[in-house]
Amino acid sequence: MSPSPRREPRSGARRGAVPSIRDVAAAAGVSYQTVSRVLNDSPRVRPDTRAAVRAAIETLGFRPNRAARALGLGRAPGITVVTSNTMLYGYASTLQGIEEAARTEGLAVGVRVVESDSPAEIKQTVDYVSDPSAGGLVVIAFDPAGTAVLEALPADIPAIAATEPVAPDTGRVTIALDERGAAADATEHLLALGHRTVHHVAIPSEGRSSGRQAGWRDALSRAGAEIPEVVASGWDIRAAYLAGQRLAGDPDVTAVLCGNDDIAQGVRRALYDAGRDVPGDVSIVGFDDIPGSAFWIPALTTVRMDFVGLGRACFLAAVAELTGQPQPETELTPPRLIVRESTAPPRTAAASSS
């Protein structure tokens, strides 16, 4: 599986309809640093140059924003991260990557939690991060709340997003890990062991077209296998346990792909309480490779996701967006299936091959 960060400076409204500081510089025949000095009333600009820049600003209808302010300071004032969660592993690790990269550059990181995708909450969040003091903006748009904030941002607010590969086009720079390919790999691993199909317990943010669910469907479709009904779970392990109980009583269930490793833990316990052995009766695959998953009994087969690297890439992209620099080329470690003890051939297949 090859790395698949999606980094797409698209032709959205901010670039198409709103002139940038570089547009002003080109029209005035000066550098963008000179435009920045004019915007910040620097005395180090000749009167004729200042007049040319002001004329270009007037002609283009340029409106100074936080990008101009950042250029005048010589660096971005900081980064604000919008996220709906700071505890779940994927969100927290992405935030960790952003903070580590910002600390290396001597910049501060602020966090704005969006509690739901209600219109009132989205408006309040957008109003907050639209203030120039918010600096560069990174939206962790793994869920409907984050996506709604991204779509509601004014076009002239420089922002990038960590998203799923199938996220809607918002005219923004987005970066994504290949969850779809990773889920397909995990499903194909289970099928290759001899399981007739693979059941899926989904995290709340999943929809039919989300990367994890779409990849699972892709693999089953290619194999001509039955596609079972998705079992929904909440974020907490108790909700996963209840979802696992729905599968534990069905003897035809021999393989389960879980939406994340916490879900896998709850499902594993439900199977244990129902007297079903893992991996003897049921194989389980998780997602994310959280710390400690290698030390479960049995050790969990899971998909390793480079969320920290995703966060670092988001930081670099946000600074480039804020300051009008070209977007950097950053390689991300691709998701990788880590095979451990929780997956094995189904007992019927193992018996028939012996």
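Here's a quick rundown of the structure. Because the structure is a prediction, the values reported are computed rather than measured.

**Examining the overall build of the protein**
Logical step 1: If you tally the helices and strands in the protein, you get 14 helices and eleven strands.
Logical step 2: Across the 354 residues of the protein, 54% fall into the buried class.
Logical step 3: Total accessible area on the protein is roughly 15500 Å²; 51% of this is exposed by carbon and sulfur atoms.

**So, the side chain of Arg268**
Logical step 1: Positionally, Arg268 belongs in helix 12 (residues 261-273).
Logical step 2: There is no salt bridge for the buried Arg268, and the closest opposite charge comes from Asp277, which lies 5.5 Å off by N-O distance.
Logical step 3: Those residues in contact with Arg268 that sit more than four places away from it in its chain are Val278, Ile284, Ile297 and Pro298.

**Side note on the packing of helix 9 (residues 179-192) against helix 10 (residues 211-223)**
Logical step 1: At a minimum axis distance of 7 Å, the contact between helix 9 and helix 10 shows a crossing angle of 45 degrees. The pairing of helix 9 with helix 10 is recorded here as oblique in orientation. Between helix 9 and helix 10 the crossing geometry is right-handed. Residue-level inspection shows Glu179, Arg180, Ala183, Ala184, Thr187, Glu188 and Leu191 of helix 9 in contact with helix 10, the latter providing Gly211, Arg212, Ala214, Gly215, Trp216, Asp218, Ala219, Leu220, Arg222 and Ala223.
Logical step 2: Class assignment of the residues belonging to the contact of helix 9 with helix 10 gives a composition of eight nonpolar, three polar and six charged.

**Overview of the pairing of strand 5 (residues 173-176)**
In summary, the side chains of a regular strand alternate between the two faces of the sheet.
Logical step 1: Along strand 5, one buried face is formed by Val173 and Ile175 and the opposite face, lined by Thr174 and Ala176, is buried too.
Logical step 2: Sheet analysis places strand 4 (residues 159-163) next to strand 5, joined by four bridges and oriented parallel. Looking at the pairing, Ala162 lines up with Ile175 of strand 5.

**Focus on the sheet that holds strand 7 (residues 231-232)**
Logical step 1: Spatially, the four strands line up as an open sheet ordered 7-6-8-9, and their pairing is parallel. Taken across any chain shown, the strands that pair with only one partner, and hence form the sheet edges, are strand 7 and strand 9 (283-285).
Logical step 2: In the sheet, strand 8 (residues 255-258) pairs with strand 9 via three bridges, with the strands oriented parallel. Counterpart to Ala255 in the pairing with strand 9 is Ser283.
Logical step 3: The sheet contacts of helix 12 involve strand 6 (199-202), strand 8 and strand 9, and relative to strand 9 the element is tilted by about 165 degrees.

**Some thoughts on the pairing of strand 1 (residues 79-83)**
Logical step 1: Most of strand 1 sits out of view: five of its five residues are buried.
Logical step 2: On strand 1, burial covers both faces: Ile79, Val81 and Thr83 on one face and Thr80 and Val82 on the other are all buried.
Logical step 3: Where strand 1 meets strand 2 (residues 109-113), five bridges bridge the pair, whose relative direction is parallel. In the sheet register, Thr80 faces strand 2, and the bridge partner there is Gly110.
Logical step 4: Since strand 1 and strand 2 lie parallel, the crossover through helix 6 (residues 89-104) that links them has a hand, and here it is right-handed.
Logical step 5: As defined by bridge partners, strand 1 adjoins strand 3 (residues 136-141) across four bridges and the pair is classed as parallel. Looking across to strand 3, one finds that Ile79 is bridged to Gly136.

**Description of the environment of Ala240**
Logical step 1: In this structure, Ala240 sits in helix 11 (residues 237-248).
Logical step 2: With a relative accessible area of 0%, Ala240 lands in the buried category.
Logical step 3: Taking the C-alpha atoms as reference points, Ala240 and Ile263, separated by 23 residues in sequence, lie 5.0 Å from one another.
Logical step 4: If near-sequence neighbours (up to four positions away) are discounted, Ala240 is found in contact with Ser233, Asp262, Ile263, Gly266 and Val267.

**Considering the environment of His195**
Logical step 1: Inspection of the secondary structure assignment puts His195 in the loop between helix 9 and strand 6.
Logical step 2: When the C-alpha atoms of His195 and Ala225 are compared, they prove to be 9.6 Å apart, with 30 residues separating the residues in sequence.
Logical step 3: Among the polar contacts listed, one links the side chain of His195 to the side chain of Thr254, at a separation of 2.8 Å.

**Describing the environment of Glu188**
Logical step 1: Relative to the helices and strands, Glu188 is located in helix 9.
Logical step 2: For the pair formed by Glu188 and Ala223, sequence separation is 35 residues and the distance between their alpha carbons is 8.4 Å.

So, how was this worked out
- Residues numbered from 1 in each chain as written.
- Predicted model: local features only at pLDDT ≥ 70, side-chain atom pairs only at ≥ 80, totals over all residues.
- Heavy atoms only, no water.
- Helix = DSSP H or I, 4+ residues; strand = E, 2+ residues; numbered from the N terminus.
- Buried < 20%, exposed > 50% of the residue type's maximum accessible area, 1.4 Å probe, protein only.
- Areas by Shrake-Rupley, 256 points an atom, 1.4 Å probe, with all protein chains shown as cover.
- Lys, Arg positive; Asp, Glu negative; His and termini not counted.
- Salt bridge = Lys/Arg side-chain N within 4 Å of Asp/Glu carboxyl O.
- Contact = heavy atoms within 4.5 Å.
- Axes fitted to C-alpha atoms, helices over the stretch in contact; angles between N-to-C directions.
- Parallel < 35°, antiparallel > 145°, perpendicular 65-115°, else oblique.
- Left-handed = near helix turned anticlockwise from the far one by under 90°.
- Nonpolar A, V, L, I, M, F, W, Y, C, P; charged D, E, K, R; others polar.
- Pairing = 2+ DSSP bridges.
- Right-handed = clockwise from strand over helix to strand, strands pointing away.
- Polar contact = N/O pair within 3.5 Å; in protein donor to acceptor, adjacent residues only side chain to side chain.

Any link to function would need more than the numbers given here.
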